[in-house]
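Architecture at a glance
Now for the letters of each chain:
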Amino acid sequence: MTSSRTAVSVAGRTLHVSNLDKVLYPATGTTKGEVLTYYVTHAEQILPELADRPVTRIRWPEGVEQDHFFEKNLPPGAPDWLPRVTVPTPGSSRGRDTLTFPLVTDLAALVYLVNLGSLELHVPQWRVDGDGTPLPPDRMVVDLDPGPGAGLHECAVVALMVRERLEAVGLPTRPVTSGSKGMQLYGELEGTRTSDEVSTVARALAEQLETEHPGLVTARMTKALRPGKVFLDWSQNNGAKTTICPWSLRGRTRPQVALPRTWEEVGAAAAGEAELVQVTIEEV
């Protein structure tokens with residue numbers, strides 16, 4: 001296949017984007033050009049979410065019906081101007097002590113990575129400082145993953161429980177529908193606790209809600225326990241793990257977005273007054 005390349009000026013840099021007419025989401029006919037347009041249009045929203053966080057990408061170079069792969073390290077051939085950070089990776093499955101990740105500091109870096117087929121952008125719950133040193137986590141995440149027979153309605157019901165418990169201890173939260181099946185709830189932290197400490201708190205919350213609502217909540221990953229319930233995945237606070245970045249696309253059949261929502265939307269869904277659904281780039 002012949003690659004068609006187009007030179008574009010982005011944030012003061014000349015980038016070469018390729019194959020803008022390539023269909024990445026066959027079910028909807030969504031092209032690479034439309035994906036790039038989405039990210040450019042919503043850069044004001046996603047760049048603050050990515051700022052100072054090492055970015056793991058999931059790449060679908062030939063579209064969501066073809067092979068994909070995770071990429072943590074700096075992509076081969078990355079230009080010198082692409083920001084990067086080298087961080088410790090203890091316990092790496094590949095035996096590496098460190099990895100060099102890209103950082104997305106501006107629109108040029110975002111467009112460069114998305115042009116490589118990086119549909120999904122994942123980030124940890126911590127940032128790096130100006131010297132590239134990892135800081136303590138600045139947020140807690142509670143990942144709500146519905147099992148078979150459960151959906152966003154059940155997630156909304158559980159989300160209100162989590163919100164009540166966390167706000168009672170002075171931790172406001174914000175909901176994000178994941179663009180996949182469930183939701184994430186993010187609570188902003190002061191950055192004084194370690195990832196292990198945050199994980200311990202999140203696990204205690206999950207286990208408490210499981211005890212109080214055993215027919216609706218599970219704090220255990222065991223698949224046999226999950227039908228009809230919402231799994232509260234507290235482990236996403238582990239310093240080595242990442243979650244989908246709010247406003248990122250997902251590599252699903254349709255071009256769905258990890259979209260921040262209002263508590264009014266979540267409350268209406270929990271009460272059965274409105275349906276909460278995963279949203280595509282056309283609907284955003």
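Residues numbered from 1 in each chain as written. Predicted model: local features only at pLDDT ≥ 70, side-chain atom pairs only at ≥ 80, totals over all residues. Heavy atoms only, no water.

Looking at an unreviewed UniProt entry, one finds the chain named Bifunctional non-homologous end joining protein LigD and attributed to Ornithinimicrobium cerasi.

**Some words on the sheet that holds strand β9 (residues 118–123)**
Short version of the rule: Pairing between two strands is assigned when DSSP locates at least 2 bridges connecting them. The numbering of helices and of strands both runs from the N terminus, where a helix is a DSSP run of H or I of at least 4 residues and a strand a run of E of at least 2.
Judged by pairing direction, the sheet is antiparallel, and its 4 strands sit side by side in the order β6-β5-β9-β15 without closing on themselves. Looking along the sheet, the strands with just one partner apiece sit at the ends: β6 (69–71) and β15 (243–244). Sheet analysis places strand β5 (residues 56–59) next to β6, joined by 3 bridges and oriented antiparallel. Note that in β6 the partner of R59 across the bridge is F69.

**What about the domain arrangement of the chain?**
By a frequent convention, interface size equals the accessible area lost on bringing the separate parts together. Cut-off, in case you're wondering: Reported domain spans reflect what an automatic or database domain assignment gives. Pairs of residues are marked as contacts when any of their non-hydrogen atoms sit within 4.5 Å. Defined here as a combined quantity, buried area equals the accessible surface (1.4 Å probe) lost by two parts on assembly, summed across both. The salt bridge definition used is simple: a Lys or Arg side-chain nitrogen within 4 Å of an Asp or Glu carboxyl oxygen. Whenever a nitrogen or oxygen atom comes within 3.5 Å of another N or O atom, the pair is scored as a polar contact, on the condition that within protein one atom can donate a hydrogen and the other can accept it, and that pairs from neighbouring residues in sequence are kept only if both atoms are in side chains.
Looking at the chain, the domain boundaries give domain 1 (5–135) and domain 2 (136–280). Summarising the inter-unit geometry, the C-alpha centres of domain 1 and domain 2 are found 24 Å apart. With 27 residues of domain 1 in contact, the opposing surface of domain 2 contributes 27 residues. Summing the contributions of domain 1 and of domain 2, the shared interface buries around 2300 Å²; its carbon and sulfur component is 54%. Linking domain 1 to domain 2 there are 5 salt bridges. Across the salt bridge formed by E49 and R139, the nearest N and O atoms sit 4.0 Å from each other. The interface formed by domain 1 and domain 2 holds 16 residue pairs in polar contact (both at pLDDT 80 or more) in total. Examining the composition of the side of domain 1 that touches domain 2, we find that 5 residues originate from one element, β9, more than from any other.

**Description of the nonpolar core**
Short version of the rule: In this text, buried Ala, Val, Leu, Ile, Met, Phe, Trp, Tyr and Cys residues form a nonpolar core when linked through side-chain atoms within 4.5 Å. Only protein chains enter the accessibility calculation, which uses a 1.4 Å probe. A residue is then buried if its area is under 20% of the maximum for its type, exposed if over 50%, and partly exposed in between.
Counting 38 residues, the largest nonpolar core has V35, Y39, I46, L50, V104, L110 and L249 as its most contacted members. When contributions to this core are tallied by element, the ones reaching two or more residues are β2 (13–18), β3 (23–25), α1 (32–41), α2 (43–50), α3 (107–115) and β9. A total of 7 residues in this core trace back to one element, the largest contributor, which is α3. Here this core gathers at least three residues from each of two domains, domain 1 (5–135) and domain 2 (136–280). For L110, the residues in contact, after removing those within four places along its chain, are Y39, A43, I46, L47, L50, V104 and L121. By size, the runner-up hydrophobic cluster in this structure holds 29 residues, among which are A156, V198, L205 and A206.

**Regarding the packing of aromatic side chains**
To keep things clear, this is the line we draw: Here a Phe, Tyr or Trp ring, Trp counted by its six-membered ring, pairs with any other such ring whose centre lies within 6.5 Å, and the pair is stacked when the planes are under 30 degrees apart, edge-to-face when over 60, and tilted otherwise.
Following the criterion strictly, the structure yields 2 aromatic pairs and no others. Ring centres of Y38 and Y39 lie 5.3 Å apart, and the angle between their planes is 70°; on these two criteria the pair is classed as edge-to-face. For the pair shown, Y38 and Y39 are each scored as buried. Ring centres of W81 and Y112 lie 6.1 Å apart, and the angle between their planes is 75°; this geometry places the pair in the edge-to-face category. With W81 in the loop between β6 and β7 (84–88) and Y112 in helix α3, the pair connects residues that are 31 residues apart, well separated along the chain. Judged by relative accessible area, which is 23%, W81 ranks as partly exposed.

**Considering the side chain of H122**
For H122, the position within the fold is in strand β9. Classification of H122 by relative accessible area gives buried; the value is 10%. A distance of 2.8 Å separates a polar atom in the side chain of H122 from a polar atom in the side chain of E120.

**With respect to the packing of α1 against α3**
Packed helices, taken two at a time, are described by the angle between their axes plus the distance between the axes. Counted only if it meets this: Fitting a line to C-alpha atoms yields each axis, with helices limited to the stretch in contact; the angle taken between N-to-C directions then spans 0 to 180 degrees. Every angle not falling under 35 degrees, over 145, or within 65 to 115 is termed oblique; those three ranges are roughly parallel, roughly antiparallel and roughly perpendicular. Crossing handedness is read from the near helix: turned anticlockwise from the far helix by less than a right angle, it gives a left-handed crossing, and turned clockwise, a right-handed one.
Between α1 and α3, the shortest axis-to-axis distance is 10 Å and the interhelical angle comes to 155°. Taken together, the axis directions place α1 and α3 in an arrangement best described as roughly antiparallel. Once α1 is placed against α3, the crossing between them reads as right-handed. Here α1 contributes K32, V35, L36, Y39 and V40 to the contact with α3, which in turn contributes L107, L110, V111, V114 and N115.

**Considering unusual backbone geometry**
Note on backbone geometry: most residues besides glycine have negative phi, and most peptide bonds are trans. At A11, a position not held by glycine, the phi torsion is positive, near 50°. With respect to the helices and strands, A11 occurs in the loop between β1 (5–10) and β2. Positive phi is not limited to glycine here, since D52 has a value of about 65°. For D52, a relative accessible area of 38% translates into the label partly exposed.

**Observations concerning the pattern of salt bridges**
This model, assessed by the stated rule, comprises 17 salt bridges. Between D145 and R226 there is a salt bridge, with the nearest N and O atoms lying 2.7 Å from each other. Placement of D145 in strand β10 (residues 139–146) and of R226 in the loop between β13 (217–218) and β14 (230–233) is noted, with a sequence separation of 81 residues between them. As far as the burial class goes, D145 and R226 line up, both buried. Each of E49, R139, R174 and E188 takes part in one network of salt bridges that share partners.

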